[in-house]
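# Analysis of the macromolecular model
Here are the chains, one letter per residue:
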Amino acid sequence: MIGLISATAAGAVARDRLAAAWPDRTRVYEGPVGEAVRVAFAECEQLVCFLATGATVRLLAPLLGDKTADPGVVCVDEGGRFAVSLVGGHGGGANELARAVGALLGAEPVVTTATDSVGLAGLDTLGLPYEGSVALVSRALLDGEPVALEAEVPWPLPPLPVSAQGSYTVRLTDRDVAPGEREVLLRPPSLVVGVGASKGAPVDEVLGLVGDALREAGLTPKSLAELATVDAKSEEPGLLAAAERLGVPLVTYSAEELAAVEVPNPSDAPLAAVGTPSVAEAAALLRGGELLVPKRKSTAQPAMATCAVVRRPARGRLAVVGLGPGARDLLTPRAAAELRRASVLVGLDQYVDQIRDLLRPGTRVLESGLGAEEERARTAVAEARRGHAVALIGSGDAGVYAMASPALAEASDDIDVVGVPGVTAALAAGAVLGAPLGHDHVSISLSDLHTPWEVIERRVRAAAEADLVVTFYNPRSRGRDWQLPKALAILAGHREPTTPVGVVRNASRPDESSRVTTLAGLDPATVDMMTVVTVGNTATRTVAGRMVTPRGYRWQEGAR
């Protein structure tokens, strides 16, 4: 919950805007400001104070304890110009809150945390449990000193400017070890414990068994991702309570799924009880991995629980990101966040140049020239399979004549894939032209490099007969100059010569140009590969120089 505190009428106006926008996330604290801050500090995970920073600091000072437990506090000035991350920038989430509050209120977020200021991913913001000298190693990263990354367990991390060797270390490990003086340990959720239990197995017996198994194998419970068992035990109180106390989910599988898993220690007892020769080992191994601790029983007499421990391989992450048509303000916030998250960026060199300034220090960039789409897709998938966080970029929307299709043709279910939509060239051009896509429409690429012309021609003819607005991508190049005239001739067989046609070159870019002409008046020689051509249907009109395709409602009949 986010506590909201204000002292003046101006502050209350901004406060109420925030409360209205986030009704389920916020709580307004009325009354004397000092008391409101004290109560909110005790009750909320975060605070937004619509007060002067000096006043807020004085009110907070007696309340501050441990930065890992204190709420994050954002201070917004009376004029609503700035949203200052004041306390708990990382641990309390105040940096992200300042950005969110700023976006909502139109205020400038002010973040002074050193790593955020220079674009570094904070070691305490990676979403992984951590131990060790975070401040010391972070300072070394900021100062450009060599910091080694020792990934005993591969895991998709955001970019870090690390070296092969260094006097400081970031170690990614699930082993139960203590950090060195100049070391930060990151704990990936790589361990799965399969558990079997008799009816009524006590929670303490389950916890004791799991704890002993991890400790004797030299593994840390901080890397535990889940407990896994058979469906028949999904409501077993001891297992549910153990998962809750360990802070992990209890994941269940059907007996049929578990029976199909090959295990080293099958048994007739679970086969008779729940229909599978293995519960603990099979549940831990079902999604793959290395068996670190074979099935073992608890020490209770009689033993009512079994467990096995598996280290699952890291699942790399592939984000297929659409950059939009080119203008920076048409790059979505989600796309920008994925660019900052990726430790490996794969893309066409000219697209990489568009967003290079958004990349965090340490991002590995793999760029190539035109005509290497399949190679880029294979590279991106291969890097994700190595356990990296990868962003594969394309212009417009990556799923429209871009990189999503070849990438997903290469990918299998051994990696996580995220699609990030972008503003397409057709939409950007449509916005420039007016409203040409106001009714049913279709996009067709005239490039026959990947599609036979016979197929393209059949699609153009179908669109013409269906009276669809048509947007042509890749309309004309120096070596491919006859396709656009042919496509226009097909459309002309079904539409009047006066049908509006919009031509937009480099939509949203600084050298953008556009014009509205007619089907008879368009000169294909004025079109190139950077151009989008939109041909209206029989209802499309030119209104005040803009293309408009009516939606067909009655109120538009009189406007023609």
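Data block above holds the structure.
Our subject in this report is the structure included herewith. Computed from a predicted structure; not experimentally measured.

### A few points about the overall build of the protein
Check the secondary structure of the protein and you find 18 helices and 28 strands. Residue burial in the protein is summarised as follows: out of 560 residues, 46% are buried. A fraction of 64% describes how many contacts in the protein between residues 6 or more apart in sequence connect residues 24 or more apart. As displayed, the protein offers around 26,000 Å² of accessible surface, 52% of which is attributable to carbon and sulfur atoms. Of note, the protein has its 54 positive side-chain charges centred 4 Å away from the centre of its 66 negative side-chain charges.

### Here we look at the sheet that holds strand 21 (residues 434-435)
Pairing in this open sheet of 3 strands is mixed, and the strands run 21-28-27 from one edge to the other. The two strands at the open ends of the sheet, each matched to only one other strand, are strand 21 and strand 27 (541-543).

### Observations concerning the side chain of Thr-276
Relative to the helices and strands, Thr-276 is located in the loop between helix 10 (268-274) and helix 11 (280-285). Among the residues examined, Thr-276 registers a relative accessible area of 0% and is labelled buried. Within the structure, Thr-276 has its side chain in polar contact with the backbone oxygen of Ser-278 (distance 2.9 Å). Excluding anything up to four places from it in sequence, Thr-276 contacts Ala-255, Leu-258, Ala-259, Pro-270 and Leu-271.

### A few points about the packing of aromatic side chains
This model, assessed by the stated rule, comprises 2 aromatic pairs. Arranged with centres 4.7 Å apart and planes meeting at 55°, the rings of Tyr-401 and Tyr-473 form a pair that is tilted. Of this pair, Tyr-401 sits in the loop between strand 19 (389-394) and helix 15 (404-410) while Tyr-473 is found in strand 23 (residues 469-473), placing the two residues 72 residues apart along the sequence. Relative to Trp-482, the ring of Trp-453 lies with its centre 5.0 Å away and its plane at 70°, an arrangement referred to as edge-to-face. Of this pair, Trp-453 sits in helix 17 (residues 453-465) while Trp-482 sits in the loop between strand 23 and helix 18 (483-492), and the two are 29 residues apart along the sequence. Exposure remark for Trp-482: the relative accessible area of 43% places this residue in the partly exposed category.

### Brief notes about the side chain of Thr-499
On the secondary structure map, Thr-499 appears in the loop between helix 18 and strand 24 (500-505). Owing to a relative accessible area of 5%, Thr-499 belongs among the buried residues under this scheme. Here Thr-499 is in contact with Thr-517, Thr-518, Leu-519, Val-535, Gly-536 and Asn-537, once residues within four sequence places are set aside.

### Comments concerning helix 16 (residues 425-433)
Along helix 16, the residues classified as buried are Ala-426, Ala-428, Ala-429, Gly-430 and Leu-433. Downstream of helix 16 by one or two residues, Gly-434 has phi in the positive range, about 135°.

What counts and what doesn't
Residues numbered from 1 in each chain as written. Predicted model: local features only at pLDDT ≥ 70, side-chain atom pairs only at ≥ 80, totals over all residues. Heavy atoms only, no water. Helix = DSSP H or I, 4+ residues; strand = E, 2+ residues; numbered from the N terminus. Buried < 20%, exposed > 50% of the residue type's maximum accessible area, 1.4 Å probe, protein only. Contact = heavy atoms within 4.5 Å. Areas by Shrake-Rupley, 256 points an atom, 1.4 Å probe, with all protein chains shown as cover. Lys, Arg positive; Asp, Glu negative; His and termini not counted. Charge placed at Lys NZ, Arg CZ, Asp CG, Glu CD. Pairing = 2+ DSSP bridges. Polar contact = N/O pair within 3.5 Å; in protein donor to acceptor, adjacent residues only side chain to side chain. Phe/Tyr/Trp six-rings, centres within 6.5 Å; stacked < 30°, edge-to-face > 60°.

By themselves these figures say nothing about function.
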